[in-house]
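A look at the structure
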Amino acid sequence: MPAATVAASASEATSASRAQMMDVAVVGAGFAGLYLLHRLRKTGFATVVFDEAGDVGGTWYWNRYPGARCDVQTIDYSYTFDPELERSRTWSERYATQPEILRYLGFVADRYDLRRDIRFHTKVTAAVWNQETERWLLTTDNGGTVSCRYYIMATGCLSSPKPPEIDGVKNFKGDVYFTGRWPHEEVKFAGKRVAVIGTGSSGIQAIPLIAEQAAHLTVFQRTPNFSLPAHNGPVSADRVALLEKDRAGYREQARWSLSGVPWQRQTVFSWQLSDAERRERFEKAWARGDLVYLLTQLWADQGVDVDGNKLVADLFHEKICAIVKDPKTAAALSPHDHPVGSKRPCLDTNYYATYNRPNVTLVNLRDEPIESITASGITTSKRSFDLDVIVFATGFDAMTGAIMAVHPITGRGGQSLSNIWANGPKTYLGLTVAGFPNLFMITGPGSPSVLSNMVVSIEQHVDWVVDRLIAMREAGFTTIEATETAQAGWTRHRADCSMLTLHRLANTWYTGANVPGKAQGVMPYTGGVGSYRGICNEVVSRGMLGFRLTGPSVPEQCNDGEIVRLQPDVRLVLNMMADMKLPPIESLGAQGARAFAAQLNAARPAGRPVGEVVDGILPSADGPLPYRLYRPATPGPHPIVIYFHGGGWVLGDQQSDDPFCRDMCRRTGMTFVSVGYRHAPEHRFPTAVEDGYAATSWIAEHATEFGGTLGPVLVAGWSAGGNIAAVTCQLARDRGGPQISGQLLVCPVTDCMFDRPSYNENATDYFLTRSLMYWFWDIYCSPADRTNPRASPLRGKLSGLPPAFVVTCEFDPLRDEGIAYAEGLGAAGVPVEQLKARGHFHASFTMVDVVVTGVSGRARMAQALRRFAESHQDMTPSEKSVRQDRKVTPPAVHVATG
Ligand code: FAD
Ligand code: NAP
């Protein structure tokens, strides 16, 4: 061993031997650290807490700038673990001031006698795991060391102020303040020329109050934010009434809500509301002055869809323009570069109106960036400002800053956390890191944390961690560590969740974009507080899934795996269905099953508007078949897609996949004709496929009357409808037409064998069950007929068929036969593209606006259909011009809905 290493080890050993021996060391004495200490001490763990600050309070100790308040209503933004504590204090305002919140945390510290175990003015500077002793050794800036079994970082998501990246700060001769490190004594602005740099929540709270005092205030704004007036005042009577009525119920609802405040999910979509109704909802939110309400209660698509969100942004812009008198200033204050809510919105008192004051100037740094700070003030690319005071409201190195500031954090095998996180934080549950045993992070990256009422998230993390430590102690375990598999799975799940919301579309501290050089990616968990809580509970109920536990006299336990493999919204849907305890569809009989399916369909979100929806009847050899036509809003002619709905040849009709047809019509710019083919048991095999073929032939022949382009049609279908589409292509090839330029098969039934792995893996838990498929087959087709290629197209000749796009879902019994069909087509020389949808189930793509993560899949399907149509553009230019813009009425129709 090299001498230096020997020396280092020797000094480590010495400091370890001098170290105070504790069960648990907690870093941070804010909301999280205080509650941790209370719980750990109550359960008998010898615990010490460190904080760099001079007293308790964390955020509320440091952020003493004028106007600092909470922006989640205080009755929600307070501890809930002790009803007696709740009852012992009342809040004086809806949004309490920093001094009041700090007094509250001081009161909590006194009530539970916490200060005696907290070492203030003590910064933890490094943490090293010793594999032999299975303990962490923490070093502090005042020379003391602590050896602890468990190391819990309650260091805060917004506690490490970001250094100003502006040249010359040190040259400035006036006073400099940082909102996140505000002095304890009063700062006087009267008669002074003051600059505020930064217009995030801190700047927006401070600016109106500084403007009231300063001789002149110049605000340097890089990015405007959306800000809602707080209308602060007495605690909201309606919320208090709700709380008082059932305190425990109210708190429990908050714990299972989206963002830690008890509001129901909105179910009405923006397109279901008129302009006036949307405006009314927005006005109500504006008057209410509640960010959580504004972000969740307008319409269901406001946070997940750019179009739904833009409607909110437009209403915001109107408000700003109505308040701010100078149009240029109003325009500069109006955010246009990010969706509402994707960057943390703010809550203010008189913010926009402050710009109407004669002593306030807004400098738009997008037009004139700061070049330097000089001895006398700030110089931009266009002018210089002489100043007495500069206030930096420039924010924090959020989520990871305070964790990484303890450097190094050295885990098992000498690996350093800063190396492991070089490309962004990797965690399991946002609580633990593989390779770092017995380390926990409260509200760490990868947990809901800053996307929630943080006190709710803090209490959930503290309870989870302390409960685990108790359980480990009881079972004789002394170490706990996340596995690499679990961590990789969580990273994937987080990425899936981040596709659900619009946070990824903004450059913010949520994504690390505010700190130069920081790895970027959405850091908080966007799947919601309630879902997250459910997942953490499930980890426990599944035997500490994804954790390795060891102890001196018990066998190692490692139940390895990924906690969530489904897409987050699929998981939600399946959980909801499980909670509803729906009867097995196959137990209802055909009529009962149809009524049940119709009931489910009636409860789903209405599809989005298209140009025109027309119901009609088309003739077939055996009689008329109903159809529903969806025409795009663009001028025709449009390519025609003949669509076959799902339902196991037994259920559904031409309207039953309405949202899917609307969505695909909008995405493709094509006319979709959904055919009401006949069903079993009244009409068994081969009626459905023969109806499909007959309808396709007839529509192709009458394409121009449907407003369709000349030339081949396309076919598409989902599930049993995919079977009909596939068979129709085979029949069209064998019977000399019609010409089909492409087939979209979504989770198609292609074969009658039930022994492929996907039938077993997904037999029971994912809505389309094995027994339901048995039932469908039994009703539709006798065993003798099932190997007929018209029932099992996989058994037919696969060459000479139109190009195909085949979609399969991971958690679907039909997955493997869909893949087999795609591979068979490819082997037979048919151009084929596959979408193997990870984490999705059989109904993912047709549950439009419910399974939001299905969007990218439908976008790919639409691309494929457009490609198929374009590759068969065989019309001459004169043929096209004859048909252009011709207004058409399909035969035998009536208009159903718009
Ligand atoms: P903190 O309160 O940040 O405490 C962490 C403590 O750890 C700090 O005292 C720090 O000094 C200490 N520490 C860190 N590293 C070390 C180290 N190496 N050694 C020693 N000590 C260390 N959230 C909401 O939900 N609603 C709100 O209305 C709201 N308002 C906010 C207003 C402001 C101005 C800010 C900045 C944040 C706000 N937040 C709000 C987020 C807020 O940070 C959390 O709500 C909550 O206070 C965090 O508590 P915590 O205990 O996790 O961390
Ligand atoms: P912030 O939201 O990150 O805002 C920082 C501001 O400074 C932004 O406008 C940023 O512009 C600007 N900025 C940063 N560096 C700059 C530079 N070099 N030059 C010019 N401008 C620069 O930070 P914050 O306002 O402190 O708030 C952080 C979070 O704390 C909030 O989002 C919220 O979660 C919490 N908070 C809550 C409240 C409350 O109301 N309860 C109050 C304060 C804070 P860009 O946007 O262009 O980066």
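Up top is the structure.
Residue numbers restart at each chain and count upward from 1, following the sequence in its written direction. Think of it this way: whatever chain is written first is A, whatever ligand is written first is 1, and the rest follow in order. Since the coordinates come from a predicted model, pLDDT governs what is reported: local features require at least 70, and pairs of side-chain atoms require 80 or more to be given and counted, while whole-chain, interface and lining totals use all residues. Water and hydrogen atoms play no part in the side-chain values, which are based on all heavy atoms of the structure.

**Some details on the overall build of the protein chain**
Where helices and strands are cited, they refer to DSSP runs of H or I of at least four residues and of E of at least two residues respectively, numbered from the N terminus. The number of helices and strands found in the protein chain is 28 helices and 30 strands. For 898 residues, the compact-globule formula gives about 29 Å, and the C-alpha radius of gyration of the protein chain, at 32 Å, lands near that figure. Each principal axis of the C-alpha atoms in the protein chain carries an extent, and together these give about 90 × 75 × 60 Å. We call a residue buried when its accessible area falls under 20% of the maximum for its residue type, exposed when it is over 50%, and partly exposed in between, using a 1.4 Å probe and counting protein chains only. Burial statistics for the protein chain: of 898 residues in total, 59% are counted as buried. Note on definitions: a residue-residue contact is assigned when non-hydrogen atoms from the two residues lie within 4.5 Å. Restricting to contacts in the protein chain with at least 6 residues of sequence separation, those with at least 24 account for 75%. Counting every atom, the protein chain has about 34400 Å² of accessible surface; 53% of that belongs to carbon and sulfur. The average position of the 89 basic charges and that of the 91 acidic charges among the side chains of the protein chain differ by 2 Å. With the radius of gyration taken over C-alpha atoms, the globule rule is written as 2.2 Å times the number of residues to the power 0.38. Computed by Shrake-Rupley with a 1.4 Å probe, the accessible areas treat only the displayed protein chains as cover when residues are assessed. For this count, His and the chain ends are skipped, Lys and Arg are scored as positive, and Asp and Glu as negative. For the purpose of locating charges, the reference atoms are NZ of Lys, CZ of Arg, CG of Asp and CD of Glu.

**As for the sheet that holds strand E14 (residues 377–380)**
Backbone hydrogen bonds are what pair the strands of a sheet, in a parallel or an antiparallel way. On the basis of which strands lie adjacent, the open sheet formed by 3 strands has the order E13-E14-E15 and antiparallel pairing. Edge positions in the sheet fall to strand E13 (370–373) and strand E15 (384–386), since each of these pairs with one other strand and no more. Taking the axes of each pair of neighbouring strands and ignoring which way they run, one obtains an average angle of 20° across the sheet. Any two strands are treated as partners once DSSP identifies two or more bridges connecting them. Sheet topology places E13 next to E14; 3 bridges connect them, and they run antiparallel. Fitting a line to C-alpha atoms yields each axis, with helices limited to the stretch in contact; the angle taken between N-to-C directions then spans 0 to 180 degrees.

**A look at the site of ligand 2**
The local shell around ligand 2 holds 26 residues, among which Arg69, Lys162, Ser202, Thr223 and Lys343 are the closest. A 3.5 Å cut-off defines polar contacts: any pair of N or O atoms within that distance qualifies, except that in protein one atom must be a possible hydrogen donor and the other a possible acceptor, and neighbouring residues in sequence count only when both atoms are side-chain atoms. Arg69 has a polar backbone atom sitting 2.8 Å from a nitrogen atom of ligand 2. One of the side-chain N or O atoms of Arg222 is found 2.8 Å from an oxygen atom in ligand 2. When ligand 2 sits alone it has 900 Å² of accessible area, and the protein chains cover 90% of it. Of all the elements, helix H6 (residues 201–213) adds the most residues to the shell around ligand 2, at 3 residues. Among the residues forming the shell around ligand 2, the class breakdown is 9 nonpolar, 9 polar and 8 charged. By convention in these notes, a residue is near a molecule or strand provided one of its non-hydrogen atoms lies within 4 Å of it. In the scheme used here, Gly and all other residues not listed as nonpolar or charged are polar, with Ala, Val, Leu, Ile, Met, Phe, Trp, Tyr, Cys and Pro taken as nonpolar and Asp, Glu, Lys and Arg as charged.

**A closer look at the packing of helix H9 (residues 275–288) against helix H11 (residues 306–323)**
For any two helices packed against each other, one specifies the crossing angle of their axes together with the interaxial distance. The N-to-C vectors of H9 and H11 enclose an angle of 60°; their axes lie 11 Å apart at closest approach. With respect to each other, H9 and H11 are oriented oblique. Seen from above, H9 lies across H11 with right-handed handedness. Residues Arg278, Arg279, Phe282, Glu283 and Trp286 of H9 form the contact with H11, whose own contacting residues are Leu311, Val312, Leu315, Phe316, Glu318, Lys319 and Ile323. Should an angle fall under 35 degrees it is taken as roughly parallel, and over 145 as roughly antiparallel, whereas 65 to 115 is taken as roughly perpendicular and any remaining angle as oblique. Each crossing gets its hand from how the near helix is turned against the far one by less than a right angle, where anticlockwise is left-handed and clockwise is right-handed.

**Thoughts on the side chain of Ser270**
Summarising the element assignment, Ser270 is placed in the loop between helix H8 (247–255) and H9. Overall, the relative accessible area of 5% leaves Ser270 in the buried class.

**Concerning the side chain of Asp290**
Structurally, Asp290 can be placed in the loop between H9 and helix H10 (291–296). One buried charged side chain, Asp290, makes no salt bridge at all; its nearest oppositely charged neighbour is Arg288, positioned 5.0 Å away. Within the local environment of Asp290, its side chain forms a polar contact with the backbone nitrogen of Tyr293, the two atoms lying 3.1 Å apart. What Asp290 contacts, discounting residues up to four positions off in sequence, is Gln73, Tyr95, Leu228, Trp263 and Ala285. Each salt bridge in this description consists of a side-chain nitrogen of Lys or Arg and a carboxyl oxygen of Asp or Glu lying within 4 Å of one another.

**A few points about helix H17 (residues 484–498)**
In this model, H17 (15 residues) spans 21 Å end to end at C-alpha, consistent with the 21 Å of a helix rising 1.5 Å per residue. Within H17 the residues assigned to the buried category are Ala486, Gln487, Gly489, Trp490, His493, Arg494, Asp496, Cys497 and Ser498. The inward-facing, buried residues of H17 abut helix H18 (529–541), helix H19 (568–580) and strand E29 (832–841). Helices are assigned an expected span. That span is 1.5 Å times one less than the residue count.

**Considerations on the pairing of strand E4 (residues 124–130)**
For a regular strand, the rule is simple: side chains alternate between the two faces of the sheet. Summarising the sheet, E4 and strand E5 (residues 135–140) pair through 6 bridges and their orientation is antiparallel. When the bridges of E5 are listed, Val128 appears paired with Leu137. A loop of 4 residues connects E4 with E5, the two strands running antiparallel in sequence, and Glu134 in this loop sits at a positive phi of about 55°. As paired strands, E4 and strand E17 (residues 409–410) are joined by 2 bridges and run parallel to one another. The residue bridging Val128 from the neighbouring strand is Thr410, located in E17.

**Things to note about the site of ligand 1**
The environment of ligand 1 is made up of 32 residues, and the closest members are Asp51, Thr59, Asp71, Tyr77 and Met454. Separating an oxygen atom of ligand 1 from a side-chain N or O atom of Asp51 is a distance of 2.7 Å. With the chains in place, 96% of the 970 Å² that ligand 1 exposes on its own is no longer accessible. At the level of secondary structure, the elements contributing two or more residues to the shell around ligand 1 comprise helix H2 (31–42), helix H3 (59–62) and helix H16 (454–475). The dominant element in the shell around ligand 1, judged by the number of residues it contributes, is H3, at 3 residues. For the shell around ligand 1, the residue count by class is 17 nonpolar, 11 polar and 4 charged.

**As for the sheet that holds strand E20 (residues 547–551)**
The strand order across the open sheet built from 3 strands is E19-E20-E21, with neighbouring strands paired in antiparallel fashion. For this open sheet the edge positions go to strand E19 (479–482) and strand E21 (554–558), each flanked by a neighbour on one side alone. With direction set aside, neighbouring strand axes in the sheet form an average angle of 10°. Pairing analysis gives 4 bridges linking E19 to E20, with the strands arranged antiparallel. Note on E20: the bridge partner recorded for Glu481 is Arg548.

**Let's talk about the packing of aromatic side chains**
Within 6.5 Å between ring centres, the rings of Phe, Tyr and Trp (the latter by its six-membered ring) count as paired, and their orientation is classed by plane angle as stacked under 30 degrees, edge-to-face over 60, tilted in between. Following the criterion strictly, the structure yields 43 aromatic pairs and no others. Through pairs of rings, three or more aromatic residues link up here, namely Phe31, Tyr35, Trp60, Tyr77, Tyr79, Phe81, Trp91, Tyr104 and Tyr112. Any Lys NZ or Arg CZ found within 6 Å of a ring centre and within 35 degrees of that ring's normal is scored as a charge over the ring. Cation over ring: Arg468 sits above Trp464, and NZ or CZ is 5.2 Å from the ring centre. Of note, Arg473 hangs over the ring of Phe45, and the distance from its end group to the ring centre comes to 4.2 Å.

**What to know about the environment of Gly28**
Note on placement: Gly28 falls in the loop between strand E1 (20–27) and H2. Along the primary structure Gly28 and Ala53 are separated by 25 residues, whereas in three dimensions their C-alpha atoms are 8.7 Å apart. Not counting the four nearest positions on each side in its chain, Gly28 is found in contact with Gly33, Val49, Phe50, Asp51 and Ala154.

**Description of helix H25 (residues 770–780)**
Leu772, Met773, Trp775, Phe776, Trp777, Ile779 and Tyr780 are the residues of H25 that are buried. Contacts from the buried residues of H25 go to helix H20 (589–602), helix H22 (687–701) and helix H24 (757–761).

**Some points on the environment of Val529**
Looking at where Val529 falls in the secondary structure, it is placed in helix H18. Discounting chain neighbours no more than four positions away, the residues touching Val529 are Ala254, Arg255, Ser257, Leu258, Ser259, Gly260, Pro448, Ser452, Val456 and Ser457.

**Structural notes on the pattern of salt bridges**
Here the structure, examined in full by the defined rule, presents 51 salt bridges. Among the salt bridges present, the one from Arg608 reaches Asp305, with a minimum N-O distance of 3.5 Å. A residue pair is termed long-range when its members are at least 10 positions apart, and Arg608 in the loop between H20 and strand E22 (612–620) and Asp305 in the loop between H10 and H11 qualify at 303 residues. Neither Arg608 nor Asp305 differs from the other in exposure class; each is buried. With its nearest N and O atoms 2.7 Å apart, the salt bridge here joins Arg815 to Asp816. Side by side, Arg815 and Asp816 carry an identical accessibility label, which is buried. One network of salt bridges, in which partners are shared, links Arg41, Asp113, Arg116 and Asp117.

**So, unusual backbone geometry**
A cis amide bond links His407 to the next residue, Pro408, at an omega of 5°. The topology assignment puts Pro408 in the loop between helix H14 (401–404) and E17. Omega for the peptide link from Ala680 to Pro681 comes to 5°, which places this bond in the cis form. With respect to the helices and strands, Pro681 occurs in the loop between strand E25 (671–675) and H22. Positive phi outside glycine occurs at Asp113, with the angle close to 55°. Structurally, Asp113 can be placed in the loop between helix H5 (98–111) and strand E3 (118–119). Residue classification places Asp113 among the partly exposed positions, given a relative accessible area of 39%. Even without a glycine there, the phi angle at Asn350 is positive, about 65°. By the secondary structure assignment, Asn350 is in the loop between strand E11 (346–348) and helix H13 (351–354).

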